[in-house]
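# Working through the structure, step by step
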Amino acid sequence: MPITPTKKIWMDGTLVDWESATTHVLSHTLHYGTGAFEGIRAYKTPNGVAIFRLREHMQRLLNSCKILMIDVPFTLDELCDAALEVVRVNELNEGCYMRPLVYLGYGEMGIYPLSSPVNVAIAAWPWGAYLGDHGVENGVRMKISSWTRHAPNAMPTASKTVGGYVNSSLAKVEALKAGYDEAIMLGPDARISECTGENLFIVRDGLLISPPPSEAGALRGITQASIVKIANDLGYQVSFEAMRRDDLYLADEAFLTGTAAEVVPIASVDDRVVGAGSPGPVTKAIQSTYFKAVRGEIPEYEDWLARV
Ligand code: PPE
């Protein structure tokens, strides 16, 4: 999806012009992928723009770096303040997508990463529906990837590691070239893990089921956690259970969740229509509640919002 430039990007504690937010071609992360990022959204609410679950995202960024043994030279509070400042200075009052990135800069070459400088950047720009408005309304066509999700002892899947996304990219390209909208990845044990940049849920007999993140080698999604809370509040039970591809084929409903994608119904998996093939009642109820929650329209979810 194209990026719409804004005015300033936060880099290592200062705001720099969008065009000047560049880095050296010998930056370590460009060569070896050791680094971590986040995806965060801010939404327009009745009381001004607010960042959704900012602290949780920045904490996960620090956790990703802890796994990689990267010492981030900013505290959680400093990162949260910086994100708020980026939305403010760019006057992103209609909402935006934010991309914090911790990367290793130019200093040394060689696989050992820990002697390279640690850099942190936070950019933000207006961004539409990641899987398209049509997908949000009507559902997306999914394909189980021929690429296996990382084995947990090959790549730490709780870390949003830059290099880890090569696996997602391969799956995404394969799915799109085959005419689908997005890929679902199986772990090495052939259990459902997650999508290339989203978690997923199915609905079976009124119960919501999602793969347990650490067992399934999936990222512990902040949207996924928000959906669990919303579903419970709406009176639906949620369970984390291992599932296989036939559980997807036979689900009554299915949907995927992620910051960029938000909540998107799944219309079919490997050309098997899921349920009625159009968004089901549980998916629709959860999706519409999520969209209201992020936009500050439901007071009980107000503590998920960081006011800019
Ligand atoms: N799994 C993966 C692999 C993943 O990248 C994301 C977020 C999720 C699950 C959902 O996590 P959460 O956003 O906390 O609910 N993916 C980010 C980057 C997507 C991209 O394509 O780039 C995002 O949604 O911002």
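Residues numbered from 1 in each chain as written. Predicted model: local features only at pLDDT ≥ 70, side-chain atom pairs only at ≥ 80, totals over all residues. Heavy atoms only, no water.

This part is about the domain arrangement of the protein chain. By domain assignment, the protein chain separates into domain 1 (8-125) and domain 2 (132-294). One C-alpha centre belongs to domain 1, the other to domain 2; they are set 26 Å apart. Our enumeration of links across domain 1 and domain 2 arrives at one salt bridge. A salt bridge links Arg41 to Glu262; the shortest N-O distance between them is 3.8 Å. The interface formed by domain 1 and domain 2 holds 10 residue pairs in polar contact (both at pLDDT 80 or more) in total. Of the residues forming the side of domain 1 that touches domain 2, the biggest block, six residues, is contributed by helix 2 (residues 54-68). Residues of the side of domain 1 that touches domain 2, tallied by class, amount to nine nonpolar, seven polar and five charged. (Domains from an automatic or database assignment. Salt bridge = Lys/Arg side-chain N within 4 Å of Asp/Glu carboxyl O. Polar contact = N/O pair within 3.5 Å; in protein donor to acceptor, adjacent residues only side chain to side chain. Helix = DSSP H or I, 4+ residues; strand = E, 2+ residues; numbered from the N terminus. Nonpolar A, V, L, I, M, F, W, Y, C, P; charged D, E, K, R; others polar.)

Let us now look at the packing of aromatic side chains. Considering all chains together, one arrives at 11 aromatic pairs under this definition. Considering the side-chain rings of Trp125 and Trp127, the 5.7 Å spacing of their centres and the 85° angle between planes classify their relative orientation as edge-to-face. Here Trp125 falls in the buried class, since its relative accessible area comes to 7%. Taking relative accessible area as the criterion, Trp127 reaches 17% and is therefore assigned buried. Put simply, the rings of Phe52, Tyr290, Phe291, Tyr301 and Trp304 touch in pairs and so form one group of aromatic residues. Taking the ring centre of Tyr180 as reference, the NZ or CZ of Arg141 above it sits at 4.7 Å. Above the face of the Tyr249 ring, Arg272 is positioned so that its terminal group lies 4.3 Å from the ring centre. (Phe/Tyr/Trp six-rings, centres within 6.5 Å; stacked < 30°, edge-to-face > 60°. Buried < 20%, exposed > 50% of the residue type's maximum accessible area, 1.4 Å probe, protein only. Lys NZ or Arg CZ within 6 Å of the ring centre and 35° of its normal.)

Moving on, we get to the site of the ligand. For the ligand, the set of nearby residues contains 22 residues, the closest of which are Tyr130, Tyr165, Glu194, Thr223 and Thr259. Separating an oxygen atom of the ligand from a side-chain N or O atom of Arg99 is a distance of 3.1 Å. Relative to its unbound accessible area of 540 Å², the ligand is 94% covered by the protein chains. For the shell around the ligand, the elements supplying multiple residues, two or more each, are helix 2, strand 6 (95-104), helix 7 (222-233) and strand 14 (253-258). The class makeup of the residues in the shell around the ligand is six nonpolar, 10 polar and six charged. A domain-level breakdown of the shell around the ligand finds at least three residues from each of domain 1 (8-125) and domain 2 (132-294). (Near = heavy atom within 4 Å. Areas by Shrake-Rupley, 256 points an atom, 1.4 Å probe, with all protein chains shown as cover.)

Ile184, Leu248, Leu256, Val269 and Tyr290 are the most contacted members of the largest nonpolar core, which has 46 residues in total. Top contributing element to this core by residue count: helix 9 (residues 281-294), with six residues. Taken domain by domain, this core gets at least three of its residues from each of domain 1 (8-125) and domain 2 (132-294). With 32 residues, the next largest nonpolar core counts Ile40, Val72, Leu84 and Ala124 among its residues. (Core = buried A, V, L, I, M, F, W, Y, C linked by side-chain atoms within 4.5 Å.)

With that settled, the discussion passes to the state of the cysteines. Evaluation of the coordinates by the stated rule reveals zero disulfides. Left unpaired, Cys65 is separated from the closest cysteine sulfur, that of Cys80, by 14 Å. According to the relative accessible area criterion, Cys65 is buried, its value standing at 0%. The exposure class assigned to Cys80 is buried, which follows from its relative accessible area of 6%. (Disulfide = S-S within 2.5 Å.)

Across its 14 residues, helix 9 extends 20 Å between first and last C-alpha, which sits within 8% of the 20 Å expected from 1.5 Å per residue. Immediately downstream of helix 9, the backbone of Gly296 shows phi near 70°, a positive value. (Expected span 1.5 Å × (residues − 1).)

Two numbers describe how helix 7 lies on helix 9: the axes approach to 10 Å, and their chain directions differ by 110°. On the basis of their axis angle, the class for helix 7 and helix 9 is roughly perpendicular. Note that helix 7 runs across helix 9; the crossing there is right-handed. Together, Thr223, Ser226, Ile227, Ile230 and Ala231 of helix 7 and Ile286, Thr289, Tyr290 and Ala293 of helix 9 make up the contact between the two elements. Among the residues making up the contact of helix 7 with helix 9, the classes are represented as six nonpolar, three polar and no charged. (Axes fitted to C-alpha atoms, helices over the stretch in contact; angles between N-to-C directions. Parallel < 35°, antiparallel > 145°, perpendicular 65-115°, else oblique. Left-handed = near helix turned anticlockwise from the far one by under 90°. Contact = heavy atoms within 4.5 Å.)

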